[in-house]
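As a plain string of letters, each chain reads:
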Amino acid sequence: MGCVQGKRCGRYKKRCSSSCCHYQPSSTSTDATDPFRIYETDSPRGLPLHALSGGFAVVPSAGICLRYASLTQRGHYPDSPDRANQDSFCVKTGFQDNPDLHFFGVFDGHGQFGTQCSVFVRDKLADILSGDAHLSEDPVEAYHSAFLAANSAIHDSEIDDSMSGTTAITVIVDGNTLYVANVGDSRAVAGVWNGNRVMAEDLSSDQTPYRKDEYERVKLCGARVLSVDQVEGIVDPDIQSWGDEEDGDGDPPRLWVQNGMYPGTAFTRSVGDSTAESIGVIADPEVKTVKITPNHLFFVVASDGIFEFLSSQAVVDMVSRFADPQDACLEIASESYKLWLENENRTDDITVIVVRIRNISDSDAAANDGAIQTNNNNASLDPDKLKVERCIVSRSEVNLSKKSSCLELQSCPPDGSVDLRAAPSTQSFHLNAINMD
């Protein structure tokens, strides 16, 4: 979330208003006979009901296998217990019927119609990219065109996006390359082995007024950049310095029109938000290209509900402790949820996708490989154990992956339906039962 009513409200003088909480509750599929169902369950880690899912995908040209999991958790809002999850996510493997192309995305809606905006942009962006015949030839240009087209589409839709919209963080795996497109303040980060531990490599940069380049850009577009205290006259509005985003005091700089107390966005880019567009909030993504090396162990795509109280390195350390990305998702989400409640009387919506990168091997060695052991105090890892984790995939996992090159997975829309389908020419596989112990 990034609206003035919704972003870490407990730390502000202005609390959430009822106008920020007009949503319909969502649900998830609970059909026990559906092998691709999104599981909704209570976690022994203390996380309340959440949706958890996962799978495999092979990237033949790069000789790697992606083992992924995703989790989305509705925020805890004591005054609005039926408030819908405004986050949505999308996983599409075998994108464009290409076994080397895979798409992962997280969309964090905000405003009164944030849920509708998030779902609309998730579906529209994927559809536009899927229909772009030049996607593999020039993913960067395809990304720019698709985001701008999705922005135009939501403006022309029946959704009122005047004060609502969504951020978006997406990753395309194209062979041995990651293309990361970001609009807003959600984030993607990779876990990279540097010789003695797994280090965080940010794959995106949060687009907020804390960044000097974004601050100057929106100022040129006519935005006033002020914190809530400055708008209310408590702090001198001429002080145009708000410290560091990681160590902020909970009252970040926001964007306002010249003669009004709106829209108050804490981000400088988004899809939708037609009012904020007039003061420089744009839908054009920043795109980063990263070559996958043997040292790239995994990447994480998550909404800002994860990173509000967790650093990129803390998230990478958590993923490093688990071989199974489903366990990693649960650990990250439960820790985020706990930290929110330690600092606030509410939590944000939380969504995370973890994708482990493995080399394809015909060896059956390390079929049941253990977790990489690390922690936040710079403990070293065993290089031999790391090599096994990064470079070995059991034959059974590879066989499963080759049969599942076109699985599509996405979060539930407000009506509770789940769009999980395999292309007619592919053979689907069954997810293993999730062990919540």
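Check the entry above for the structure.
Report follows, based on the coordinates. Owing to the predicted nature of the structure, the values given are computational and were not obtained by experimental measurement.

This next bit is on the overall build of the protein chain. Of the regular secondary structure elements, the protein chain holds 10 helices and 18 strands. Relative to its 437 residues, the protein chain shows a buried fraction of 57%. Nonlocal contacts in the protein chain, meaning residues at least 24 apart in sequence, comprise 70% of its contacts between residues at least 6 apart. Split by element, the accessible area of the protein chain, about 16,800 Å² in all, is 47% carbon and sulfur.

A separate point is the packing of aromatic side chains. Aromatic ring pairs are described here by two measures, namely the spacing of the ring centres and the angle between the planes. Taken as a whole and assessed by the stated rule, the structure comprises five aromatic pairs. Here the aromatic rings of Tyr68 and Phe104 are separated by 5.8 Å at their centres, their planes lie at 70 degrees, and the arrangement is edge-to-face. Of the two residues, Tyr68 sits in strand β3 (residues 64-73) while Phe104 sits in strand β5 (residues 101-110), which places them 36 residues apart along the sequence. A single burial state applies to Tyr68 and to Phe104, both of which are buried. Between the aromatic rings of Phe104 and Phe299, the centroid separation amounts to 5.7 Å while the plane-to-plane angle is 80 degrees, which identifies the pairing as edge-to-face. Of this pair, Phe104 sits in strand β5 while Phe299 is found in strand β15 (residues 296-302), placing the two residues 195 residues apart along the sequence. For the pair Phe104 and Phe299, a shared accessibility class is recorded, and that class is buried. Through a chain of ring-to-ring contacts, three or more aromatic side chains come together here, namely Tyr68, Phe104 and Phe299. Directly above the ring of Tyr77 sits Arg83, whose terminal nitrogen or CZ lies 4.0 Å from the centroid. Seen from the ring of Phe307, Arg187 lies directly overhead, with NZ or CZ sitting 4.5 Å from the centre.

With that settled, the discussion passes to the environment of Leu330. Here Leu330 lies in helix α8 (residues 325-343). Spatially, the C-alpha atoms of Leu330 and Val319 are 9.9 Å apart, while their sequence positions differ by 11 residues.

This next bit is on helix α7 (residues 312-320). The buried fraction of α7 amounts to nine of the nine residues, a majority that puts the element mostly inside the structure. Within α7 the residues assigned to the buried category are Ser312, Gln313, Ala314, Val315, Val316, Asp317, Met318, Val319 and Ser320. The secondary structure elements touched by the buried residues of α7 are β8 (187-193), β9 (198-202), β15, α6 (304-307), α8 and β16 (350-359).

Mapping Ala150 onto the fold places it in helix α2 (residues 139-156). In sequence terms Ala150 and Val271 are 121 residues apart; their C-alpha atoms lie 7.5 Å from each other. Those residues within four positions of Ala150 in sequence are excluded, and the remaining contacts are Phe120, Lys124, Leu125, Ile128 and Val271.

Let's shift gears to the nonpolar core. Ranked by internal contacts, the top residues of the largest apolar core, which has 29 residues, are Val300, Ile306, Ile332, Val352 and Val354. At the level of secondary structure, the elements contributing two or more residues to this core comprise β3, β8, β15, α6, α7, α8 and β16. Among the elements that line this core, the one with the most residues is α8, at seven residues. Other than its neighbours up to four places away in sequence, Ile306 contacts Val315, Ile332, Ala333, Ser336, Ile350, Thr351 and Val352. Listed in part, the 25 residues of the second largest apolar core include Tyr68, Val106, Val290 and Ile292.

Rules used throughout
Residues numbered from 1 in each chain as written. Predicted model: local features only at pLDDT ≥ 70, side-chain atom pairs only at ≥ 80, totals over all residues. Heavy atoms only, no water. Helix = DSSP H or I, 4+ residues; strand = E, 2+ residues; numbered from the N terminus. Buried < 20%, exposed > 50% of the residue type's maximum accessible area, 1.4 Å probe, protein only. Contact = heavy atoms within 4.5 Å. Areas by Shrake-Rupley, 256 points an atom, 1.4 Å probe, with all protein chains shown as cover. Phe/Tyr/Trp six-rings, centres within 6.5 Å; stacked < 30°, edge-to-face > 60°. Lys NZ or Arg CZ within 6 Å of the ring centre and 35° of its normal. Core = buried A, V, L, I, M, F, W, Y, C linked by side-chain atoms within 4.5 Å.

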